[in-house]
Amino acid sequence: TVKSSNHVGGFTTEATDGNLDAFEDLWNRCREIGLNDPSNANYFALQGLDTDGVRDPELPVLLDVEALIDYMLVIFWTGDGDAVLSNFLGSNRANNWFGIRNRNSDEGFRFFAHDAEHTLGNSTSREDRTGPFTGSNQNNFLYANPQWMHQDLMANAEYRLLFADRAQTHFFRTGALTEPVAIERFNARTDQVRPA
C-alpha cells in the first residue's frame, strides 16, 4: 500500500505496507513514457504484456490501467481540489490518495480517493483539475502520484484511446458519471443514512 502522507516531511509518497520498490519501478517507467519513449512496448510492459499486447509471465503487472483512468475521471468530474495534486499545495504536491497492489497476483496498482470534501462545487473544486500540472516536484519520486503518471501515459496513443473509451463509458448513456445514475446513487446513500 502506498499513499500521500504529511507524516514524513510534507506530503510525500510513502509505503504503509510492504515497500516502495514496485511503485518506484512503475513511476520510473511512466516517466520514461512521458519524457522519452511513448512506445507501445513500454506502455504494454507496465501491464505485464509483451510488445504484441499478450501477457508475458516474466513481466510484473505494475498498473491496472483502466483503474487509473477511472480514478482520474472521478477526480476530474468532481473537481477535487485537494486530491492527487492538491490546489492547497500549489498543484505541485499530492494529497488524499491511496494505491494498492497485490504483489502475489497479476493485479497492478489501483488508486483510491479519500477525504474528498473539496468536490462538486465546494471551495477549491470550481477550478479545472484536469491539468496538465507541471512543477518542480514532477521529477522527484518523493512526490510520485497517480496524476503525474496519468499525464506521462497520455504520451502513448493506446492509453489516450483507452482514456477516451472509458470517458465514453462513464459519461454517456447509463454510465456511472451521468446525472441520472449519479443522482440514483446519491439517493440510495441518503436512504441508508437517513434512519440514523
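See above for the structure.
Residues numbered from 1 in each chain as written. Predicted model: local features only at pLDDT ≥ 70, side-chain atom pairs only at ≥ 80, totals over all residues. Heavy atoms only, no water.

> Whenever I open this one, the packing of aromatic side chains confuses me. Can you help?
Each aromatic ring pair is summarised here by two numbers: the centre-to-centre distance and the angle between the ring planes. A complete count under the given rule lists ten aromatic pairs for this structure. Seen from their ring centres, Phe23 and Phe109 are 5.3 Å apart, and the 75 degrees between their planes marks the pair as edge-to-face. Residue Phe23 is found in helix H1 (residues 21-35), and its partner Phe109 is found in the loop between strand S5 (97-100) and strand S6 (110-113); the two are separated by 86 residues along the sequence. Note on accessibility: Phe23 and Phe109 belong to one class, buried. Each residue in the set Phe23, Tyr71, Trp97, Phe109, Phe111 and Phe141 is aromatic and connected to the rest through ring pairs, giving one cluster. (Phe/Tyr/Trp six-rings, centres within 6.5 Å; stacked < 30°, edge-to-face > 60°. Helix = DSSP H or I, 4+ residues; strand = E, 2+ residues; numbered from the N terminus. Buried < 20%, exposed > 50% of the residue type's maximum accessible area, 1.4 Å probe, protein only.)

> Sorry if this is basic, but what is going on with the packing of helix H3 (residues 65-78) against helix H4 (residues 146-153) here?
Helix-helix packing: each pair is described by the crossing angle between the helix axes and the interaxial distance. Where H3 meets H4, the axes come as close as 10 Å, and the angle between the chain directions of the two elements is 110 degrees. For the element pair H3 / H4, the angle class is roughly perpendicular. In the packing of H3 onto H4, the handedness of the crossing is left-handed. Across the interface between the two elements, Leu68, Tyr71, Met72 and Phe76 from H3 touch Pro146, Gln147, His150 and Leu153 from H4. Along the lines of polarity and charge, the residues of the contact of H3 with H4 split into six nonpolar, two polar and no charged. (Axes fitted to C-alpha atoms, helices over the stretch in contact; angles between N-to-C directions. Parallel < 35°, antiparallel > 145°, perpendicular 65-115°, else oblique. Left-handed = near helix turned anticlockwise from the far one by under 90°. Contact = heavy atoms within 4.5 Å. Nonpolar A, V, L, I, M, F, W, Y, C, P; charged D, E, K, R; others polar.)

> I'm lost on the sheet that holds strand S1 (residues 2-5) in this one. Help?
Spatially, S2-S1-S5-S6 is the arrangement adopted by the four strands of the open sheet, whose pairing is antiparallel. Of all the strands in the sheet, the pair left with one neighbour each is strand S2 (12-15) and S6. On average, each strand axis in the sheet is tilted by 30 degrees relative to the strand beside it, whichever way the strands run. The pairing of S1 with S5 spans two bridges and is classified as antiparallel. Paired with Val2 across the strands is Gly99, a residue of S5. (Pairing = 2+ DSSP bridges.)

> What am I meant to see in the side chain of Asn95 here?
If you trace the backbone, Asn95 turns up in strand S4 (residues 94-95). In terms of polar contacts, Asn95 uses its side chain to reach the side chain of Asp82, at 3.1 Å. If we ignore the near neighbours within four places in the chain, the residues touching Asn95 are Ser4, Phe11, Asp82, Ala83, Val84, Ser86 and Leu89. (Polar contact = N/O pair within 3.5 Å; in protein donor to acceptor, adjacent residues only side chain to side chain.)

> Sorry, what's going on with the nonpolar core here?
Soluble globular proteins tend to bury their nonpolar side chains together. Of all hydrophobic cores here, the largest spans 40 residues; its most connected members are Phe23, Leu26, Tyr43, Leu63, Phe111, Leu153 and Tyr159. At the level of secondary structure, the elements contributing two or more residues to this core comprise H1, helix H2 (40-46), H3, strand S3 (84-85), H4 and helix H5 (157-171). Beyond its immediate chain neighbours, meaning those up to four positions away, Leu153 contacts Cys30, Ile33, Tyr43, Leu46, Leu63, Leu68 and Tyr159. (Core = buried A, V, L, I, M, F, W, Y, C linked by side-chain atoms within 4.5 Å.)

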